[in-house]
Every structure is written in structure tokens, then in C-alpha cells.
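Observations on the model geometry
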Amino acid sequence: MELEKADLCAIGAGQGANGPVLTLRAGMCGACGQLHFPITAYGCPRCGAEPGRVAEQALDGRATLLSFATIHSRLSPLITPPCVVGEAEIAPGLIEEIMLAGDESQYADGMTVRAVGVEIARGGTAVLACRFEPAEAAP
Amino acid sequence: MTVLRDMRPVYVVGVGMHRYQFASDTNYIHMGLTALRAALKDAGLAFPDVESAFVGCTGIGMAAGRILFSHIGWTGLAVTQVENASASGSSAFQLACLEVASGRREVSLALGVDKFGDQVRAVAKEGVNKLSDTATIPLVKYALLAEYLKKEKGLTAEDLALVASKNHTNAADNPFAQFQKPRSVADVLASKPVMGDFTSLMCTPRGEGAAAAIVCSEQALKRLQINGIPVRVLSSTLESERPQVGREMGSVAVARSVAQRTYHEAGITADDLQVVELHDAFAIEELLYTETFGLCKTGEGHFWLRDGASRIGGQCAVNPSGGLIAQGHPLGPTGVGQIHEIVQQLRGQAGPRQQPDARVGMAHMIGLGTIAIAHVLRRD
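Notes on the structure in this doc start here. (Residues numbered from 1 in each chain as written. Chains lettered and ligands numbered in written order. Predicted model: local features only at pLDDT ≥ 70, side-chain atom pairs only at ≥ 80, totals over all residues. Heavy atoms only, no water.)

**Description of the interface of chain B and chain A**
Between chain B and chain A, the contact holds 27 residues from the first and 35 residues from the second. Carbon and sulfur atoms supply 57% of the area that chain B and chain A bury against each other, a total of about 2600 Å² over both sides. Considering only the surface of chain B that becomes buried against chain A, Leu 131, Asp 133 and Leu 144 of chain B emerge as the three largest contributors, covering 31% of it. Linking chain B with chain A are six salt bridges, by the criterion used here. Between Glu 87 of chain A and Arg 247 of chain B there is a salt bridge; the shortest N-O distance is 2.9 Å. Along the contact surface separating chain B from chain A lie 15 residue pairs in polar contact (both at pLDDT 80 or more). Looking at the side of chain B that touches chain A, the elements with two or more residues in it are helix H4 (138–153) and strand E5 (193–195) of chain B. For the side of chain B that touches chain A, the element with the highest residue contribution is H4 of chain B, accounting for seven residues. Its residues assigned to classes, the side of chain B that touches chain A shows twelve nonpolar, seven polar and eight charged. (Contact = heavy atoms within 4.5 Å. Buried area = accessible area lost by both parts, 1.4 Å probe. Salt bridge = Lys/Arg side-chain N within 4 Å of Asp/Glu carboxyl O. Polar contact = N/O pair within 3.5 Å; in protein donor to acceptor, adjacent residues only side chain to side chain. Helix = DSSP H or I, 4+ residues; strand = E, 2+ residues; numbered from the N terminus. Nonpolar A, V, L, I, M, F, W, Y, C, P; charged D, E, K, R; others polar.)

**Quick word on the environment of Met 31 of chain B**
All names here are of chain B. Tracing the chain through its elements places Met 31 in helix H1 (residues 28–43). In sequence terms Met 31 and Ala 358 are 327 residues apart; their C-alpha atoms lie 29 Å from each other. If we ignore the near neighbours within four places in the chain, the residues touching Met 31 are His 18, Gln 21, Thr 26, Val 113, Asp 114, Lys 115, Glu 208, Gly 209 and Ala 210.

**Remarks on the pattern of salt bridges**
Oppositely charged side chains can pair when the atoms bearing their charge come close. For the structure shown, the criterion picks out 27 salt bridges over all chains. Its salt-bridge partner being Arg 131 of chain A, residue Asp 133 of chain B comes within 3.9 Å of it at the nearest N-O pair. With Asp 133 of chain B in the loop between strand E4 (107–114) and H4 and Arg 131 of chain A in strand E9 (residues 125–134), this residue pair bridges two chains. Of the residues examined, Asp 133 of chain B reaches a relative accessible area of 10% and is grouped as buried. Judged by relative accessible area, which is 11%, Arg 131 of chain A ranks as buried. The network of salt bridges with shared partners includes Glu 4, Lys 5, Arg 122 and Arg 131 of chain A together with Asp 133 of chain B. (Buried < 20%, exposed > 50% of the residue type's maximum accessible area, 1.4 Å probe, protein only.)

**Focus: the side chain of Glu 208 of chain B**
Residue and element names in this part refer to chain B. Checked against the element boundaries, Glu 208 lands in strand E7 (residues 208–216). Among the polar contacts listed, one links the side chain of Glu 208 to the side chain of Ser 24, at a separation of 2.4 Å. Here the side chain of Glu 208 touches Lys 115 through a polar contact of 2.8 Å, side chain to side chain. For Glu 208, the contacting residues outside a window of four places in its chain are Arg 19, Tyr 20, Gln 21, Phe 22, Ala 23, Ser 24, Thr 26, Met 31, Asp 114, Lys 115, Phe 116 and Pro 330.

Printed below as a string of C-alpha cells:
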């Protein structure tokens, strides 16, 4: 099954509770030495270096969950409420908005979450979408 | 860098509006002309007196202003359409002010007019995906920030509802507001859940409408015998977002930076402000910006609100028009509508919404992307 956003993530090693573990595709700039996410075709967003100066760096997909909340209204055709969205630090200083698998009862601020590929339907086709889940199973 | 107060003085001499409303069959020409004719009447000017115009709109299409002005006289005035997302009207006002301040024109017009529905965001054509399908929805970012602040500072859902209740209650006395019904904290909390603690009445509605502001030079004041109460534009400041540092959103950081710069340019401090119209697309924003603008101490925005300091009659009336939450946010007109409110307040013509002894006011908008823009106005 194809990844929904293959420019952001790749299938990693291992299996999570909701699907295969994903790695995240970041960029390391050879000019300024700063990490950014995601890597793009445009170069370094920090210092403006040309794309050729940026090397892809795989992040392990583990992140620190900073805050989260449940969406109750259909804010976009792409989401089906209720669903949980959060902010997480995917690497030191890199904070990204993420989508969380399941309901909010299994999450807490500060916990470690990991990226997994969750099967969803897009335009009648099944794809693996990047979602985050608790990195460690509940005891 | 040359700032507005280094150039020749600019005065707002006429303001007008078409009521903000939910999407309707009303033509944009009708709304725009209504606001424009009201502003001309307010200034005591005729359309041929206007030498240039900046038209803020996001969803009507190319050349909206030129089509609109063809229905009020082919005067040959210079027309420029301005798109800066939610700050389109504010940017149109900025350009009109600079046009006069620089000496290029004597009388210039900022007109904001918009219809709901045709807006296309360039971020959709960026060619870069986001991890979350909600990453370009501002409401989600602010709801997450509210969740963080709830735990960090003791902010409550009631605080968010109090902002919305205040602004809806202000708008109840505003004939141009999209919502004109007082709402209690309980009403706000009981409205439709949107995300986290956010309910629908804590969020701006989408809609349509128009607002106009005419600015002129001191020479034009005399030549055209404009006798109204002159309101001088002291500063006009715009910046864009830098990379996020820590938990503070880029839009909040840039709002602080713009406020500090615009105070410096205007030669004032936050203590000099009696009235502020700010970007409260979501109630949490008003709490954040009252802190970042220095109206209250950092971390005390919700206490300042609870004390009534931001109510009409308080230390500094915040969003006496009803703000984006209740007056409405039709995008193109919003920033010019803020100027309309500040001018009415500084003239002492705001009726039941009048902030006593208002002499200095600030209008602040955020535009998607993110940019922040602020103008300080003073009654001379």
C-alpha cells in the first residue's frame, strides 16, 4: 500500500499498534548546519542555501507530545471528526502539528509518541497515512 | 529607515461601511459603493477629489476596484488592488497613507470589499505536504495553544467565553456588525463545540461586506475645506513571521514585534492607548495580544480581562466594534473596518460604544502566512 505523503515519511523497521513504523524525512543543511522538516526541493528554509547543499536525514519518527485536543467540527474535507490533533517536538527545536491515532484518552502531555502508517481511504483508494500513537504500550 | 512620522502628516477624513453579513446575493459593487459613498459624505468630498485608491480584497477576482469605480465616475484615478489575506484591508490602508505621506498624492482611498467563498490559498500550491491535514487551519493552531496555556497559566474555557461575550455584547450596539446580539458567558460556552474548549461563538464568522477610509494631507484639508475632526495616522508598521522559537507561535511573536515597532514609530507607549481593535479571529488571540501589546503584564491577560480593563469604560477598550468575533471578518474589509471604528472612537462619535476620552487608538491585524500590521491613530 502506498504512503499518502511519501515526501514526508518512509516505511521504517517494526510494527506499531496501528500500522508500520514510519521514519520522517528531514533535511540537514551543509551550509548552516541546521536541521529542518520536511526536506523540500527548494533548499534550506533557515539560511536559503541551494537544494544541493541539503542532505536528507531520516528521523526515527519518535516525538514528544506537547499538547493535543479533539476536533469536533468538520474543519476540512480531509478530516472526519472527532479526531485528535496535537503538537509534538519531532527533533530538538522542531515542533510540528501532528494527527494522533484513536481518541484523546490514551494521550498525555510530555509522553513519547511515534509515527506509524495508518490505513485510510483517499478518493476511493486505501493509503497509509502518517499518524502518531503512544510509543510504549500501556502497562 | 524612514517611518510615517518622518514624512508629512496624514489624516483620516472620511470613513464608511457596508454592514458585514453572511454570504448573500448582494453584489460586491453595491457593498463597495455603499461604503465609499458613506466615506465621501463623511469627509464632505466628491469622488473626483480622490486621486488614488487601494482596494483590499481576497475573493472577488482581478481588477475588482476598477470595475467598482466605473460605476461612480471614470475619473482616471490610480487604482491598485491589494491582497494580503486577512490583512488586505490594512495593507490597502497602509499604502494609501504612504501615498499621501510621501507627497505623491493629496487624497487617497483605502477600500476593502469582499465576498465569501472564492478565496484560494497559495499554500495549497506550495508543493510541500504537511504532517497534519489541519496544519494550514489557524483555528487548530490557536486551539492547541489554548490547551497549552490552560495547563501553563490556569486559563479557563470561561476566560475564552468572557472575551467572546464582551465582544458580542459590544457588537450588539454596532449597526455594521454581522452579529448584533448580546451573548452571556453561558451562551458562548453552550454554542457548538469546535475544537478543545473552543466553541463556535468564540470564533470569527465568515462573511462579506465593505469598508472605506479616505486619507489626505494637511494641504488637502485646507484646499478642500474639510472641517471634520481630523484624526492623524501616527504610524504604519508591517512585519512577517520568523521561525518559531519554543512554544510561542510565530503570529504572536510577530504581533509583539510589530506593536513595539509601531509604538516607537508613533512615539507612544501602550499606556497612551485608550482604544484598540485587534485580530481576535479566536478568543484566545485577544488574551495573547493584550499581553504582547503591553496593555497588561505578560501572563496576566486573563486577569486583566476578568478585571474589566478591556471593556468599554475600562483602562483600554479592546474591540469595542465587536472585533472579528462579532463585528465579523470578511477578509478584504476587516482592516479598514477597524480604522472606521478607531476613527469613530477618537472623534467621540461611537454612540453607546464610546470609550470615554479616547484620544489614541491602535488597529492591528494578522494575515495568513503570517504577517502582522498595526496603525496608531491620534485625534489632533
